[in-house]
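Summary of structural features
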Amino acid sequence: MSQATIVEFVRDIYQTSDFIPLHTPTFSGSEQQLVLETIQSTFVSSVGKFVDKFEQKIEAYTGTAQAVATVNGTAALHAALYMAGVKYGDFVITQALTFVATCNALYHMGAEPIFVDVSPVSIGLCPKAVDAYLTEHAQVSETGCIHKGTQRPIRAVVPMHTFGHPVEMDELISVCKKWNIVLVEDAAESLGSFYKGKHTGTLGNFGAVSFNGNKIITTGGGGIVLCKTAELGAHTKHVTTTAKVPHPYEFYHDEAGFNYRMPNLNAALGCAQMEVLELYLTQKRILAEHYQDYFARSDLQFVVEPKYAQSNYWLNAVICPSAKMRDELLKQTNDAGVMTRPIWQLMHRLPMFKDAPRGDLSQSEYIEAHLVNLPSSPIEITV
Ligand SMILES: *Cc1c(COP(=O)(O)O)cnc(C)c1O
């Protein structure tokens, strides 16, 4: 199969000879109406009805006890890690194969990542690799898990549901219980993805979702923290909104808070986008099925959802048989105006994380060298 035929195939799907981006936002609900209504009301900022509405919609959809909307996904992750008790000097286990925001959030709390390999099943954090790393390097105490080499706490495990494909959560939850570590899910990419019927981001102690412009739905910029209990939700809301103690006029704040509240204008956009989430999920699933059929006849392996899960297929991906073929595919498609991308460079290759402790990363390295993301915008497919 030649790469020219991949270009033709994608062009046929999107029915255009113009540039085809990787993922664009689609506005087919009442976005214009709700945003205009918000501007006309003058409540564009920190007060207004849409933030509560948006949080309620996310709660109803994901089944989380409480959702707390934030300015972006990185802020949601930062707040989730703070709420999970991550402190200065702690270690946090995560995957090297992730977007940099996962690590930035913990870095700015003074925590340090420990990089562990991903699973070939999910291309997200591998529970076996986490357990193997801990068995070699950690010990459990009443207060939590301690890194033997440094005597510093290993406070949290942060799996990331890569491209919307849920990680093996039952196994990961068992590992976290065994080692007395809190679980915070980076569900930035996985709104609409379910693990054994449960929404991603609701299985750990906290979850963080992103509504950046490239995600399945967008609020312009935005994120949300999914909290396990209403009590944790109330505290999360408190710290993300400057930790002000309610009073008619006095300013008293009982904790060092964040100003991470999602503006009402963005929440209005989010409410409209939630109306069309199901449609986009259906369209993206059909698109993924078309890719899957197409690549079944090739030596490129299309990345499918794990058997136990329902993925949102946020970004479609193929694994090439060689790194050389990956490079050729990237060049030919991008030269032809069909946008494709390699996966992120592994986190331990970045200057700020190069000295972080890490386990074996052979699976991550293989995926890094062989994976290509394909155009994935939701679209009405006619082929
Ligand atoms: C998009 C993304 C984030 C951050 O979301 P922002 O809203 O852009 O801050 C975090 N982690 C992962 C894996 C992401 O893909």
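None of the values given here were measured: they were computed from a predicted structure.

1. Some words on the site of the ligand
- What surrounds the ligand is a group of 15 residues, the closest being Gly 73, Thr 74, Glu 189, Ser 210 and Lys 215.
- Between Ser 210 and the ligand, the recorded distance is 2.7 Å, taken from a side-chain N or O atom to an oxygen atom.
- Contacts to the ligand include Lys 215, whose side-chain N or O atom sits 3.3 Å from an oxygen atom.
- For the ligand, whose free accessible area comes to 380 Å², the fraction covered by protein is 92%.
- Elements with a contribution of two residues or more to the shell around the ligand: helix H4 (73-83) and helix H5 (101-107).
- In terms of residue class, the shell around the ligand is made up of four nonpolar, eight polar and three charged.

2. Describing unusual backbone geometry
- For Phe 163, which is not a glycine, the phi torsion comes out positive at approximately 55°.
- As for its position among the elements, Phe 163 is in the loop between strand E6 (153-158) and helix H7 (169-179).
- The backbone phi angle of Lys 196 is positive, close to 45°, even though this residue is not glycine.
- By secondary structure assignment, the location of Lys 196 is in the loop between strand E8 (194-195) and strand E9 (198-199).

3. Notes on the UniProt feature "active site" (unreviewed entry) in the protein
- Taking the UniProt record as the reference, the feature "active site" (unreviewed entry) is found at Lys 215.
- Judged by its relative accessible area of 10%, Lys 215 falls in the buried class.
- Sequence-distant contacts of Lys 215, that is, excluding residues within four places in its chain, are made with His 23, Ala 188, Glu 189, Ser 210 and Trp 314.

4. Here's the deal with the sheet that holds strand E13 (residues 309-310)
- Read across the sheet, three strands follow the order E9-E8-E13 without closing on themselves; strand pairing throughout is antiparallel. Taken across any chain shown, the strands that pair with only one partner, and hence form the sheet edges, are E9 and E13.

5. Comments concerning the environment of Leu 361
- Mapped onto the elements, Leu 361 comes out in the loop between strand E15 (341-342) and helix H11 (362-370).
- When its relative accessible area of 4% is taken as the criterion, Leu 361 is described as buried.
- In sequence terms Leu 361 and Gly 144 are 217 residues apart; their C-alpha atoms lie 25 Å from each other.

6. Considering the nonpolar core
- Core analysis: the biggest nonpolar cluster contains 53 residues, and Phe 54, Ile 58, Phe 163, Leu 191, Phe 211, Ile 224 and Leu 371 have the highest contact counts within it.
- Among the elements that make up this core, the one with the highest residue count is helix H9 (residues 264-296) (nine residues).
- Here this core spans two domains, since at least three of its residues come from each of domain 1 (3-26 + 277-374) and domain 2 (31-274).
- Leaving out residues up to four positions away in the same chain, Leu 191 has contacts with Ile 58, Tyr 61, Thr 62, His 199, Val 209, Phe 211, Ile 216, Ile 217, Met 274, Leu 277, Leu 281 and Asn 312.

7. Notes on the pairing of strand E14 (residues 316-319)
- Burial of E14 is two-sided: the residues Asn 316 and Val 318 facing one way and the residues Ala 317 and Ile 319 facing the other way are all buried.
- Inspection of the sheet shows E14 paired to strand E16 (residues 371-374) by four bridges, in the antiparallel sense. Residue pairing in the sheet places Ala 317 in a bridge with Asn 373 of E16.

8. Some remarks on the pattern of salt bridges
- For the coordinates displayed, the defined rule picks out 12 salt bridges.
- Lys 49 is paired through a salt bridge with Glu 37; the nearest N and O atoms lie 3.0 Å apart. One end of the pair, Lys 49, is in helix H3 (residues 49-62); the other, Glu 37, is in helix H2 (residues 31-41), and 12 residues separate them in sequence.
- Residue classification places Lys 49 among the partly exposed positions, given a relative accessible area of 45%.
- For Arg 285, the salt bridge goes to Glu 305, with nearest N and O atoms at 2.7 Å. Linking Arg 285 in helix H9 with Glu 305 in the loop between strand E12 (301-302) and E13, this pair joins segments that are 20 residues apart in sequence.

9. Points about the UniProt feature "modified residue: N6-(pyridoxal phosphate)lysine" (unreviewed entry) in the protein
- In this structure's numbering, the residues bearing the UniProt feature "modified residue: N6-(pyridoxal phosphate)lysine" (unreviewed entry) are Lys 215.
- Secondary-structure assignment places Lys 215 in the loop between strand E10 (206-210) and strand E11 (223-227).

10. Topic: the packing of aromatic side chains
- Evaluation of the coordinates by the stated rule reveals 15 aromatic pairs.
- Taking the centre distance of 5.0 Å and the plane angle of 70° together, the rings of Phe 54 and Phe 211 count as edge-to-face. One end of the pair, Phe 54, is in helix H3; the other, Phe 211, is in the loop between E10 and E11, and 157 residues separate them in sequence. No difference in accessibility class separates Phe 54 from Phe 211, as the two residues are buried.
- Taking 6.4 Å as the distance between ring centres and 5° as the angle between the ring planes, the aromatic pair formed by Phe 295 and Phe 302 counts as stacked.
- On the basis of relative accessibility, which here comes to 2%, the residue Phe 295 falls in the buried class.
- A relative accessible area of 8% places Phe 302 in the buried class.
- Joined through ring pairs, the aromatic side chains of Phe 9, Tyr 291, Tyr 294, Phe 295, Phe 302 and Tyr 313 make up one cluster.
- Residue placement shows Lys 244 over the ring face of Phe 251; its charged tip is 5.4 Å from the ring centre.

11. A short note on the domain arrangement of the protein
- Each assigned domain of the protein is listed with its residue range as follows: domain 1 (3-26 + 277-374) and domain 2 (31-274).
- Between the C-alpha centres of domain 1 and domain 2 the distance comes to 25 Å.
- Carbon and sulfur atoms supply 67% of the area that domain 1 and domain 2 bury against each other, a total of about 3700 Å² over both sides.
- Area buried by domain 1 at its contact with domain 2 is led by Leu 277, Tyr 308 and Trp 314, which between them contribute 22% of it.
- Taken together, domain 1 and domain 2 are joined by zero salt bridges.
- Viewed at the interface, domain 2 and domain 1 are joined by 21 residue pairs in polar contact (both at pLDDT 80 or more).
- For the side of domain 1 that touches domain 2, the class distribution of residues is 25 nonpolar, 12 polar and seven charged.

How each quantity is defined
Residues numbered from 1 in each chain as written. Predicted model: local features only at pLDDT ≥ 70, side-chain atom pairs only at ≥ 80, totals over all residues. Heavy atoms only, no water. Near = heavy atom within 4 Å. Polar contact = N/O pair within 3.5 Å; in protein donor to acceptor, adjacent residues only side chain to side chain. Areas by Shrake-Rupley, 256 points an atom, 1.4 Å probe, with all protein chains shown as cover. Helix = DSSP H or I, 4+ residues; strand = E, 2+ residues; numbered from the N terminus. Nonpolar A, V, L, I, M, F, W, Y, C, P; charged D, E, K, R; others polar. UniProt positions renumbered as here; feature names shortened; annotations may be inferred. Buried < 20%, exposed > 50% of the residue type's maximum accessible area, 1.4 Å probe, protein only. Contact = heavy atoms within 4.5 Å. Pairing = 2+ DSSP bridges. Core = buried A, V, L, I, M, F, W, Y, C linked by side-chain atoms within 4.5 Å. Domains from an automatic or database assignment. Salt bridge = Lys/Arg side-chain N within 4 Å of Asp/Glu carboxyl O. Phe/Tyr/Trp six-rings, centres within 6.5 Å; stacked < 30°, edge-to-face > 60°. Lys NZ or Arg CZ within 6 Å of the ring centre and 35° of its normal. Buried area = accessible area lost by both parts, 1.4 Å probe.

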